[in-house]
Number of protein chains: 2
Amino acid sequence: MGFIYNILKNSRSDKDGNFFLELERILGFKPKKNAIYKKAFTHRSMNIKDKKGNPINYERLEFVGDAMLGSVIASYLYSKVPHGDEGYLTKMRSKVVSRQHLNELGKDLQLIDLVQSRIPTTNFGNNIHGNLFEALVGAIYLDKGYKSCEKFIYKKVINPHVDIEKLEGKVISYKSLLIEWCQKEKKTFEYEIYEDTGNDALKHFSVKLKIDEKVISKGRATSKKKAEEKASKRAFFAFQREMTKSS
Amino acid sequence: MGFIYNILKNSRSDKDGNFFLELERILGFKPKKNAIYKKAFTHRSMNIKDKKGNPINYERLEFVGDAMLGSVIASYLYSKVPHGDEGYLTKMRSKVVSRQHLNELGKDLQLIDLVQSRIPTTNFGNNIHGNLFEALVGAIYLDKGYKSCEKFIYKKVINPHVDIEKLEGKVISYKSLLIEWCQKEKKTFEYEIYEDTGNDALKHFSVKLKIDEKVISKGRATSKKKAEEKASKRAFFAFQREMTKSS
């Protein structure tokens, strides 16, 4: 059923513009060159070719997206880690653009829901999420240029996920940092967790972090652990000065 | 003597602006953020540090330049090689940005003449040329942004040196292609070579390529072979239609 559903869904979304509505929600802007985004979500199993017989699917766009991610993250790290030498910066970058991380990014954006494929999407391995993410980044570059592509990478990768302190191994977990600080400062803390899937296809959890019975921050993610970590990180940045003084 | 000369030369050029005159000649535009270019030509042996103790030399800039070269070449190949899959494009790119090629690029621009170093430049290995080239590309990005950096890479790398036919292994040598064609077409050919070093620090050769006793194209490079190849390539593009028809 999976693949029939998918083909039906996609041919329909093509007509009624659902694909582009959904895409626009993910992008945060209106795409100009529509064909390039269709390509970014076309799996090779569709076996579509251009007039010259060149295959149309997202694989070549991954190459472009990978390169754009590489240079945007490189210049970000160059400015944020002034003490890091070339080798150190290279290692940090490969953590940011690791296969696992790219897969998580693609999964969070639910890119797989937009794919046109003759193979049931349930048959794909985990890497399709990251591949689609790379292809999408490549499409954005080809549609809107480097600046817009950089902006998208900041919005979806750097701002929400890249944490220099963590990458440098200085902070392993914001939750443990926070708990340690609360204990030292004789403050009570509580993580209030509830399921909060809403309209999302994936299960989501929300967390309220209370310190001394006051809600300090919130976090929402696809696992309890991640949601707690998000809330802890936000609290950390709120209390940063106090926490680093006392720890 | 080498290193004393170099320090003297550089401290002088710093004062009288020779460094920036020479740099502007290489860049083809006026730099805005001067300090970043000074950094791009400062060797670690100078042991210069910023206020926070971070070393100031070109090594970190190589990281940025390498990434920029990667993405500019990636998007160029994406559009020029529509039949190439991800793996093929990756291989082509690594030929363009190979260590050997980057070293040649840096050497052609005589970047080493601008270096500030406490080690005699004659003691450096061959890789310094490529490293300086990468660092310069990184500096251009940080000074003027992606568009200008891309323009520089087109001007210095892609337009003069990247040849899709050659990269794809379809053309090994334009000289042999040209000779073959002349023989088939019963045309006489002659490569007229002379030394043409002019004011350059490196030895240069010029070639006039005559076909049926008429000068068809010229080439100039640091070796006879390269100069001949340049002239042949120019002739090839002039005669392209005829040559590909008959070969």
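All values derive from a computational prediction rather than experimental measurement.

Caption draft 1: Layout of the interface of chain B and chain A. Taken residue by residue, the interface counts 30 residues in chain B and 30 residues in chain A. For the pair chain B and chain A, the two sides together bury roughly 2,600 Å², of which 61% comes from carbon and sulfur. On the chain B side of the contact with chain A, Arg60(B), Phe63(B) and Tyr78(B) bury the most area, a combined 35% of that side's loss. For the pair chain B and chain A, the interface holds zero salt bridges. Contributions of two or more residues to the side of chain B that touches chain A are made by helix H3 (34–40), helix H4 (59–80), helix H5 (86–96), helix H7 (127–144) and helix H8 (146–161) of chain B. Per-element tally for the side of chain B that touches chain A: the top contributor is H4(B), with 14 residues. For the side of chain B that touches chain A, the per-class residue count stands at 14 nonpolar, seven polar and nine charged.

Caption draft 2: View of the relation of the copies chain B and chain A. Expressed as a screw transformation, the operator carrying chain B onto chain A has a rotation angle of 180° and an axial translation of 0.0 Å, and the superposed copies differ by an RMSD of 0.1 Å. In short, the pair behaves as if placed about a two-fold rotation axis. Here 100% of the interface residues in chain B have copies in chain A that are interface residues too; the copies meet face to matching face.

Caption draft 3: Just the UniProt feature "domain: RNase III" (unreviewed entry) in chain A, in detail. In the numbering used here, UniProt assigns the "domain: RNase III" (unreviewed entry) feature to residues 20–145 of chain A. Measuring from the first to the last C-alpha atom of residues 20–145 of chain A gives 19 Å, for a span that is 60% helix and 0% strand.

Caption draft 4: Region of interest: the UniProt feature "domain: DRBM" (unreviewed entry) in chain A. Within the UniProt annotation, "domain: DRBM" (unreviewed entry) is assigned to residues 173–241 of chain A. Annotation note: span residues 173–241 of chain A, helix share 42%, strand share 32%, distance between end C-alpha atoms 17 Å.

Caption draft 5: Quick peek at the sheet that holds strand E1 (residues 189–195) of chain A. Residues and elements named next belong to chain A. Taken together, three strands build an open sheet; the order of strands is E1-E2-E3 and the sheet is antiparallel. Across the chains shown, the open sheet's two edge strands, defined by having one partner strand only, are E1 and strand E3 (214–221). Across the sheet, the axes of successive neighbouring strands diverge by a mean angle of 20°, strand direction being ignored. Sheet topology places E1 next to strand E2 (residues 205–211); seven bridges connect them, and they run antiparallel. Counterpart to Tyr 194 in the pairing with E2 is Ser 206.

Caption draft 6: Expanded view of the packing of helix H5 (residues 86–96) of chain A against H4(B). Contact geometry for H5(A) and H4(B): axes closest at 8 Å, N-to-C directions at 40°. Relative to H4(B), the element H5(A) is oriented oblique. For the pair formed by H5(A) and H4(B), the contact residues are Glu86(A), Leu89(A), Thr90(A) and Arg93(A) on the first element and Glu59(B), Arg60(B), Glu62(B), Phe63(B), Asp66(B) and Ala67(B) on the second. When its residues are assigned to classes, the contact of H5(A) with H4(B) shows three nonpolar, one polar and six charged.

Conventions adopted
Residues numbered from 1 in each chain as written. Chains lettered and ligands numbered in written order. Predicted model: local features only at pLDDT ≥ 70, side-chain atom pairs only at ≥ 80, totals over all residues. Heavy atoms only, no water. Contact = heavy atoms within 4.5 Å. Buried area = accessible area lost by both parts, 1.4 Å probe. Salt bridge = Lys/Arg side-chain N within 4 Å of Asp/Glu carboxyl O. Helix = DSSP H or I, 4+ residues; strand = E, 2+ residues; numbered from the N terminus. Nonpolar A, V, L, I, M, F, W, Y, C, P; charged D, E, K, R; others polar. Least-squares fit on C-alpha atoms with pLDDT ≥ 70 in both. UniProt positions renumbered as here; feature names shortened; annotations may be inferred. Pairing = 2+ DSSP bridges. Axes fitted to C-alpha atoms, helices over the stretch in contact; angles between N-to-C directions. Parallel < 35°, antiparallel > 145°, perpendicular 65-115°, else oblique.

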